[in-house]
Amino acid sequence: MSIWFTEELHPYYRKGIRINKILADEQTQFQHLQFVETEFFGKAMILDGIIQLTERDNIGYHEMIVHVPMLAVGKPRRVLIVGGGDGGSLQQVLRYPSVEEAVVCELDQRVVDLSREHFASFGDPWADPRAKLLVRDAFGFLEENPGQFDVIISDTTDPIGMAERLFSDEFYKLMVRALTPTGAAATQCEQPFFDTALIKTIYQSAKTLVRNPAYYYANIPTYPGGGIGFMYVSNTPWENGLKTPFPPGVNNYINADIHKAAFALPEFFRKELYG
Ligand code: SPD
């Protein structure tokens, strides 16, 4: 079998990848969850018709969403991942010997179970005694844990349906409240071409909450527009991370130049965001 999976983002934009096999296809309590084997990108996880990650290009996403805030903080001890049930962010977080606890707050147990089965390349980070999975909504957990986390990674789906709240002012307030005073967060923050207005709203909101918010970007060919951005949210400047050595283990996307360059924005977007 060889079919094209097409993701239609807008009435004016769609993208497709070739699929060889459907590995899992189920309606969970929360969403339509699919695992497929693609022709070029290895296995992929799709939620409600949107590609979340592939084996081949997930590393740019996970290394960038994790290492930028982790390096800025230096020696983070307690880390929270909101979403992230596939385990890709967790794998990167656990590379830091300073991490004592990494809490993953994921709503859908099936995402965790099927990712463990299909993404062996993540090396089963759940088996690490520092990893703690909470299958619950992140809002309540953030509310109950003010000032608790050195780093928070918001590794979410797109702002559609139930995930829309994770891009709200209310969520950002709770997230910042759950950080330690010098802590740092990074959030999945969409695509400069298609989501300019949303990113601007989030940046404006982040500016009222912390001293040093900033937007940065990574190339991910299977995401719309070929990439995705992240909002860095902290009182600690992201540049502090440039002085911190990378943790043990292999980087496949980030290096010192990429770390710095990721914050350079195309002029149309820089003007829109920073004025
Ligand atoms: N447009 C797709 C964005 C998907 C972001 N979530 C990725 C989850 C990987 N852990």
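Scroll up to find the structure.
Summary of the structure given here. The shown structure was predicted, so the numbers you read here are calculated from the model rather than taken from an experiment.

### So, the nonpolar core
Among the nonpolar cores identified, the biggest contains 38 residues, and Met64 and Tyr216 are the most heavily contacted of them. Mapped by element, the contributors of at least two residues to this core are α1 (58-73), β6 (78-83), α2 (88-93), β7 (101-106), β9 (149-155), β10 (179-188), β11 (214-219) and β12 (227-234). Membership of the second largest hydrophobic core comes to 34 residues, among which are Cys105, Met175, Val210 and Met231.

### Side note on the site of the ligand
Around the ligand there are 14 residues in total, and His62, Asp86, Asp155, Thr156 and Asp158 lie nearest to it. Taking Asp86, its side chain carries an N or O atom lying 2.6 Å from a nitrogen atom of the ligand. Here the ligand loses 98% of its free accessible area of 340 Å² to cover by the protein chains. Taking a 2 Å distance to the grid points as the criterion, the majority of the atoms of the ligand fall inside the largest pocket. Element by element, the count of residues in the shell around the ligand is highest for strand β5 (residues 50-54), at four residues. Of the residues contributing to the shell around the ligand, the split by class is seven nonpolar, four polar and three charged.

### Details of the sheet that holds β6
With mixed pairing, the seven strands of this open sheet are ordered in space as β8-β7-β6-β9-β10-β12-β11. On the outer flanks of this sheet lie β8 (131-135) and β11, each paired with one strand and no other. Neighbouring strand axes in the sheet, compared pairwise and without regard to direction, differ in orientation by 20° on average. Sheet topology places β7 next to β8; five bridges connect them, and they run parallel.

### Topic: helix α6 (residues 196-209)
Here α6 contains 14 residues, and its C-alpha end-to-end distance of 20 Å stays within 8% of the 20 Å for a straight helix at 1.5 Å per residue. Buried residues of α6: Thr196, Ile199, Ile202, Tyr203, Ser205 and Ala206, and no others.

Conventions and cut-offs
- Residues numbered from 1 in each chain as written.
- Predicted model: local features only at pLDDT ≥ 70, side-chain atom pairs only at ≥ 80, totals over all residues.
- Heavy atoms only, no water.
- Core = buried A, V, L, I, M, F, W, Y, C linked by side-chain atoms within 4.5 Å.
- Buried < 20%, exposed > 50% of the residue type's maximum accessible area, 1.4 Å probe, protein only.
- Helix = DSSP H or I, 4+ residues; strand = E, 2+ residues; numbered from the N terminus.
- Near = heavy atom within 4 Å.
- Polar contact = N/O pair within 3.5 Å; in protein donor to acceptor, adjacent residues only side chain to side chain.
- Areas by Shrake-Rupley, 256 points an atom, 1.4 Å probe, with all protein chains shown as cover.
- 1 Å grid on protein atoms, 1.4 Å probe; cavity = no way out; pocket = protein on both sides within 12 Å on 5 of 7 lines; lining within 4 Å.
- Sits in = over half its atoms within 2 Å of the grid points.
- Nonpolar A, V, L, I, M, F, W, Y, C, P; charged D, E, K, R; others polar.
- Pairing = 2+ DSSP bridges.
- Axes fitted to C-alpha atoms, helices over the stretch in contact; angles between N-to-C directions.
- Expected span 1.5 Å × (residues − 1).

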